[in-house]
Every structure is written in C-alpha cells, then in structure tokens.
Amino acid sequence: MSELALDSPLQFVKGVGPRRAEVLSDHGLNTVQDLLFYFPRRYLDRTSVLPIGSLRLDTTATIIGRVRAHGQLPGRKGRRYEVILGDDSSDITLVFFEGARYWQSYFKKGMVLAATGQVRYYHTKQIVHPDLERLETDSDKMIHAGRIIPVYPQTSELTRVGLSSKSIRSLTTMVFEILSETIPDYLPETIREEYKFPHIHDAVRKMHYPGSREEIEFSRERLAFDELLSFQFLINERKEQKIRVNKSHKFAPPGKNLTEFKSKLLFSLTPGQVRSINEIFGDLQTPHPMSRLLQGDVGCGKTVVAVATAVYVAENKLQTALMAPTEILAEQHFRNWHDVLLELGINSALLTSATKGKEKQSIIEKCASGEISILIGTHALLYESIEFAKLGLVIIDEQHRFGVEQRGKLYSKGDNPDLLVMTATPIPRTLALTLYGDLEISTIDTLPAGRKPIKTVWREGAVREKVYDFAKEEAKKGGQVYIIYPLIEKSDKVELRSVEESFNELANGVFKNNKTAMIHGRIKASEKDKILEKFRNRQLEILFATTVIEVGIDNPNATLMIIEHAERFGLAQLHQLRGRVGRGEKESLVVAIAYPPISEIANKRLEYFASTSDGFKIAEADLELRGPGEFFGTRQSGLPEFKVANIARDQKLIEISRNLLSRLHSQSGQLDGDYLKVKNHLYKYTEAKMQNLSGG
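Residues numbered from 1 in each chain as written. Predicted model: local features only at pLDDT ≥ 70, side-chain atom pairs only at ≥ 80, totals over all residues. Heavy atoms only, no water.

Undergrad: How should the overall build of the protein be read in this particular structure?
TA: Helix and strand content of the protein: 26 helices and 21 strands. Relative to its length of 696 residues, the protein is compact, with a C-alpha radius of gyration of 28 Å against a globular reference of 26 Å. By residue count, 54% of the 696 residues in the protein fall in the buried class. A separation of at least 24 residues holds for 74% of the contacts in the protein among residues at least 6 apart in sequence. Of the roughly 32,100 Å² of accessible surface on the protein, 49% is carried by carbon and sulfur atoms. Taken as two groups, the 95 positive and 89 negative side-chain charges of the protein have centres that lie 4 Å from each other. (Helix = DSSP H or I, 4+ residues; strand = E, 2+ residues; numbered from the N terminus. Rg over C-alpha atoms; globule rule 2.2 N^0.38 Å. Buried < 20%, exposed > 50% of the residue type's maximum accessible area, 1.4 Å probe, protein only. Contact = heavy atoms within 4.5 Å. Areas by Shrake-Rupley, 256 points an atom, 1.4 Å probe, with all protein chains shown as cover. Lys, Arg positive; Asp, Glu negative; His and termini not counted. Charge placed at Lys NZ, Arg CZ, Asp CG, Glu CD.)

Undergrad: What exactly am I supposed to notice about the sheet that holds strand β13 (residues 391–396) here?
TA: The 7 strands lie next to each other as β11-β12-β10-β13-β14-β9-β15, forming an open sheet whose pairing is parallel. Each of the sheet's edge strands pairs with one partner strand only, and the pair in question is β11 (348–351) and β15 (440–444). Across the sheet, the mean angle from the axis of one strand to that of its neighbour is 20°, orientation sign disregarded. In this structure, strand β10 (residues 319–323) lies alongside β13, joined through 5 bridges in parallel fashion. (Pairing = 2+ DSSP bridges. Axes fitted to C-alpha atoms, helices over the stretch in contact; angles between N-to-C directions.)

Undergrad: Could you clarify how one ought to interpret helix α12 (residues 302–315) in this entry?
TA: Within an α-helix, residues lying three or four positions from one another point in the same direction, as the helix has 3.6 residues per turn. With 14 residues, α12 extends 20 Å from end C-alpha to end C-alpha; this agrees with the ideal 20 Å at 1.5 Å per step. Count one or two residues on from α12 and you reach Lys317, which has phi positive near 60°. (Expected span 1.5 Å × (residues − 1).)

Undergrad: How should the packing of aromatic side chains be read in this particular structure?
TA: Aromatic ring pairs are defined here through the distance separating the ring centres and the angle between the ring planes. In the structure shown here, the tally under the stated rule is 23 aromatic pairs. Ring centres of Phe176 and Tyr209 lie 6.4 Å apart, and the angle between their planes is 75°; on these two criteria the pair is classed as edge-to-face. Remark: Tyr209 occurs in the loop between α8 (200–208) and α9 (213–243) and Phe176 occurs in helix α6 (residues 165–178); sequence separation between them is 33 residues. Positioned over the ring face of Tyr106 is Arg134, at 4.5 Å from the centre of the ring. Sitting above the plane of the Phe176 ring, Arg205 keeps its charged end 4.8 Å from the centroid. (Phe/Tyr/Trp six-rings, centres within 6.5 Å; stacked < 30°, edge-to-face > 60°. Lys NZ or Arg CZ within 6 Å of the ring centre and 35° of its normal.)

Undergrad: Looking at this model, I keep getting lost on the packing of α12 against helix α13 (residues 327–343). Mind explaining?
TA: A pair of packed helices can be characterised by two numbers: the angle between their axes and the separation between those axes. Orientation of α12 relative to α13, taken along the N-to-C sense of each, is 40°, at an axis distance of 12 Å. With respect to α13, the axis of α12 lies oblique. Once α12 is placed against α13, the crossing between them reads as right-handed. Packed against α12, whose contacting residues are Thr303, Val304, Val307 and Val311, the element α13 presents His333, Trp337 and Leu341 at the interface. Across the contact of α12 with α13, the residue classes tally to 5 nonpolar, 2 polar and no charged. (Parallel < 35°, antiparallel > 145°, perpendicular 65-115°, else oblique. Left-handed = near helix turned anticlockwise from the far one by under 90°. Nonpolar A, V, L, I, M, F, W, Y, C, P; charged D, E, K, R; others polar.)

Undergrad: What is the right way to look at the pattern of salt bridges in this model?
TA: A side chain of one charge can pair with a side chain of the opposite charge when the charged atoms of the two come close. With the rule as written, the count across this model stands at 26 salt bridges. Here Lys206 ties to Glu215 by a salt bridge, and the two come within 3.5 Å at their closest N and O atoms. The class for Glu215 is partly exposed, based on a relative accessible area of 27%. Put simply, Glu217 and Arg220 hold a salt bridge, and the shortest N to O gap is 3.0 Å. Here Glu217 and its partner Arg220 are both found in helix α9, 3 residues apart, which amounts to about one turn of the helix. Assessed through its relative accessible area of 33%, Glu217 is described here as partly exposed. Relative accessible area serves as the criterion here: at 16%, Arg220 is assigned to the buried category. Through salt bridges with shared partners, one network takes in Asp185, Arg192, Arg222 and Asp226. (Salt bridge = Lys/Arg side-chain N within 4 Å of Asp/Glu carboxyl O.)

Undergrad: Sorry if this is basic, but what is going on with the sheet that holds strand β16 (residues 454–460) here?
TA: The parallel open sheet is built from 6 strands, whose spatial order is β16-β21-β20-β17-β19-β18. Only two strands of the sheet have a single partner each, and these edge strands are β16 and β18 (516–519). Between one strand axis and the next, the sheet turns by 15° as a mean value, whatever way the strands run. Where strand β17 (residues 480–484) lies against strand β19 (residues 542–545), 4 bridges are found, and the strand directions are parallel. By the bridge assignment, Ile484 is partnered in β19 with Ala545. Helix α17 (residues 464–476) contacts β17, β20 (558–564) and β21 (588–594) of the sheet and is inclined by roughly 160° relative to β20. Sheet strands touched by helix α19 (residues 525–536): β17, β18 and β19. Its angle to β18, the strand with the most contacts, is close to 140°.

Written as structure tokens, this is what we have:
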C-alpha cells in the first residue's frame, strides 16, 4: 500500500471507500489528519471495569458481559424493556422505560456489551438506562490481559456503514503504520520543555494507543492546552477588533431624565446596581461600541439597570432594542416600565409574534421614523420589516437562549450600536475571563433590601400528599403556590407526571376548593396574559405550570413552589425556578420532589440545590456536574465544542495558556523565531474561526 500524507482524502484509505467517506465527511472527517484528531470518548481497562458479582448498590460502575436474554415486559407503570447481562461472576438486569422498538433490534443474544450506570435494587440488582458500548468478542479478553481499549464516539450513521469503535481503531492503526510524515508541531521545543508537554504527534498517537492512564492524561493535557490557547487568542482578537471600530453616535453626560427616572422608582438601587450603571454609562461615553455582559443572581435587579441604560440612550436621541427569549418575559418588561417611561416622555412599544395587523404595522412605521425610542420584544424584533431610525443600543436578555446568528441579526440593524447582554445564570468567577474575554463584565452581587432567604428542601415522592396538604394551608394563609412539571402532556416514552394530567386530576381532587389555573408553552399568548394577571392580582391561589415561568415572572406574593420530578432538572434550572418565589417580604419555601430511580448525579444536584441559594456557587457546581457543553448550551452560545479540554477542570492549563499569550502580546515587536512561529499559527486559526464566532 502506498504511503499516506496528513492531507490524503479518507476516501482512498484502504477499507474506507466512497460510501464510508461520505458518512465520515458528515462527521467532519475528510482527511487523514481529521481522523487522527477523532479521539476516543473514553477508555476501558481493568481499573475501570468491575465483575458483576462485586457490584455495590448506589455506586456508578462499568461492567462487561454477554447478553443472556432480552425482551419487553409489562409493569405497573407501563411496559419496559429488560436485558439480562452476565459475566463469569454473576448476572444483572438492564432496564429501559422507553424505546422498546429500538432496543428490540439493538440487542442480540450473545453480544458483548460494556454498560455504565448506577447500580440499584428492585427485586434484583439493576441498572436503569445505562450508557452502552457494543464491544467485539475479544475486547474483554484484551482488557483482562491488561490492554486499554479506546472507545470512539458512535452514531447510528457510522454503525450503519460498519464503522464500529473496533473499525475506527483498526483504521487509525493502519494509518499510523503507513503515514509518511509526522504531525507538525507549532510549539517549539523550548516552549514544550518549559511546560513539560510532549510533541503533538506523540500526544495524538498516545490518545489512540495509550500504555497507561497516566499517558492518556499526559497527552490529553497537551491537546487541551492547544485548544485553550487557540480559543483565548481568538477571544483576544475579537476584543482587539472591537476596539478598532468607532461608533457614529455620541453620548452627553446623564441629564434630567435619569434623575427623574430614579426618583420614580419605589425602591433604592443596591450598591451593585449603582456600580453596574456607572460602568455601563462609562462605556457608552467612549468612542468605541460597548460590549458588556451584565450578570447577577436571580432577582438581583438587572432589568432596572437595563431600563436606566435605555433611558440614557433615549435622552441622547437614540433608540434601544430589548430582546427577551419569551413572550411572557417581554410582556412583563413592557407592562412594568411602559407607564414610567411615558411619564418621562419616552415612547416604548411591545412587538411579539402575537402582535398583528394594524398594531404591528403602526409599530413598524413608528420604529422606522424614530418615534418609538425603546422597542421591547422577542424574536419578532428580527423580522426583515423592522427597521430603526437610529439604533444606539441593543440589549439581549438571557443571552444564552439566543443563537449567534440571532444576536448578530439584531445588532446589524444599527451602525455599530452599543451592546449589553444579560444573564441570570451567573458565570463562574473562574471562567468569566476565559469565556467572555471579549466582553467587559458587570456583576450585581447584592440583592434588594428586605428579601428573606428562601428555604429549600427535597423529598422523595412518598411525601407528595403531605406536601399538597401544606400547599392548601399556605393558600389559606394568603400565600400563592406554583406547582412545576417537566412535561405538558403525558408521554408514552417517559414515566413522568405532566402538567395537563396533574391539573385535571388535582384541580378536581385534592385542590377542588382552591382557585387554580394552568399555564404552559402551548397556551395562546392572550390566554397566558389573563392567567398571569389573575395570579398577580391574587385571584388564583395555585398555578400549575411548566418551565415556561422559569425566567422573569415577578409575583411578590408567591411563597411556595413545588417542583415535581426535580431529578429531571438541571441545577441552574432548579435555581432559576426557585427565583420565582421569595420576591416579596414574606418567607418562602421550595419543595423539590424526586422519584426513583434517582441517579447519583441527580442526587448530588438535589443535595446541592437544598444546601445553598448562592447563584454563583450553584453555577460552579452545575458546571462541574454537567460539563461546559450542557451548561453553556455550546451550539447556541457560539462557544467552541472542545474535543479534549474541559474548562471546568483545566484551570491550570487555562492559566498557562493565558501566560503564554501575555508574553506574545507584551513582546509583540521583539519576538524571536520560536514565539513568532506560535503567533503565526494562532493567526491562521483565528482567520478560520473568526467568521463562525461573529455576531456580537
């Protein structure tokens, strides 16, 4: 066979061919080098695999065994699919409550599987919905002989064309054997020695064929460093690019409108709010467009800071576009501030998908003429028909809920407007500079005076009836109650309580003497408005809801929240939901109800949720538990999907990469050949990536 180069197309590698090459291309793998950077997602060896007979309850374990039997069984809560997996020491049951048709075709008697999950006991030892890897018949022998088996990311498309984990392993083996060149390393030997990093070629090879766990981590750290260095260089370049741009509009010092606005508030601004306003106004007065992130815990008062900024912008004859992720939140912003703004002579309007006909046309015309100073809305602000006479400020609320393209589209409606993005999911302090280095950051770290701490507890489902009795007592005392569900309607795929089913059952049962209502994402906007208005006016005692109320709903009289199936929610989402109570002066309580099977990670989430109400600590823990991809919603936020780096755990590598960048920047005019080589490599990376991360 002829030798391969790094840029050789995979189609011409022995064993690939056109059909497999097409599927590999769909996964971003086109050349030999692409394949070599397709790393295992985990490894199996004697240190990570336990005999089935030695498994302990309530621990997470990886086992390898043969399928003894499999099939669908009836149960009290519906049908389930069970698999008996066995090794030389014992058997265990794998249980699946959804996807029976898929599992019927997936499992074959005698097949060898690696299964990972939490060991539970229900009549027998079992693992519910384990993470599965289909192994070849010789894999367990290789593992017990001391080998480390790499397990590659799999998809149904790869499996369909015969590219199993073993096939990819064989492919990389052959490629390394006939590769005519080494992977070039942009890091010179002097820098590698300084940081004790291996050559990149060696690191890549050891990721595929490690001799030990230590070699895996040694190689991973080198490759993670490369990713973090490149990403931080890109962020720095974006910041430099923004500084090079001048905006066409200017700001005079704050005038009487701001003084009047503050006098109309029914509360005093907190020190965190005052500091944030001063930082934002300082940015607005510079010649360069502002790019600032305003963050703070749930209920800290970010919106009043945003509105104060919009008032300042209007005072300077400029317009503001405020985009919120949901109609409920946009409507609340508009309702809360419209009258105050009108008293100041500032016209505001609300535009959502529910805005129709003459009203919509009127808003379009007034916005284009400049008559509307502040336009509040949802994705509807992105309509082609929406134009601004002079857009000076873009505010994006809950910015992580919008994609890069959406943020960029709104921003492009002005001539380099100032940008303020807000989030109620605090960015862990250790990561803010890394992830948002191109943004200035304002943090509101104090809550409004008079707020009492929210007590939080979590309980298993057996206490459900007692919790409902407590809810009735709370309503008798004049408090109001939220009951939150993960689903709108009953699903055949998962055994979870839904809001529709529960509302029909409980409103006519245990809560038949209470004033109740239901709200979820499929209810018409006008109907949602009526329900929320009734709830705010205390015409309702108990509101059944989904997470549609997660962000921004403000009702100071709500004192109790019951979260059903709390084991299904992320930690940050639980904290966001908790923020809907405790917004007044009354003491509030959150009861999270969880139902078995409760995984180890869900148990940790619930324990942490009950132990602290500090949003920054919650964010740190959530990042650690879920990983950066899920925490930040990588695809939506425009952040990179790192192959090997973990921004939650690689703090040391982040510091090392930041130090190297600092040296590159400070010695820019007098860099020697080694450092110039690094900088040139980073510029090439930046050129390729800058377009993907554009959009403000």
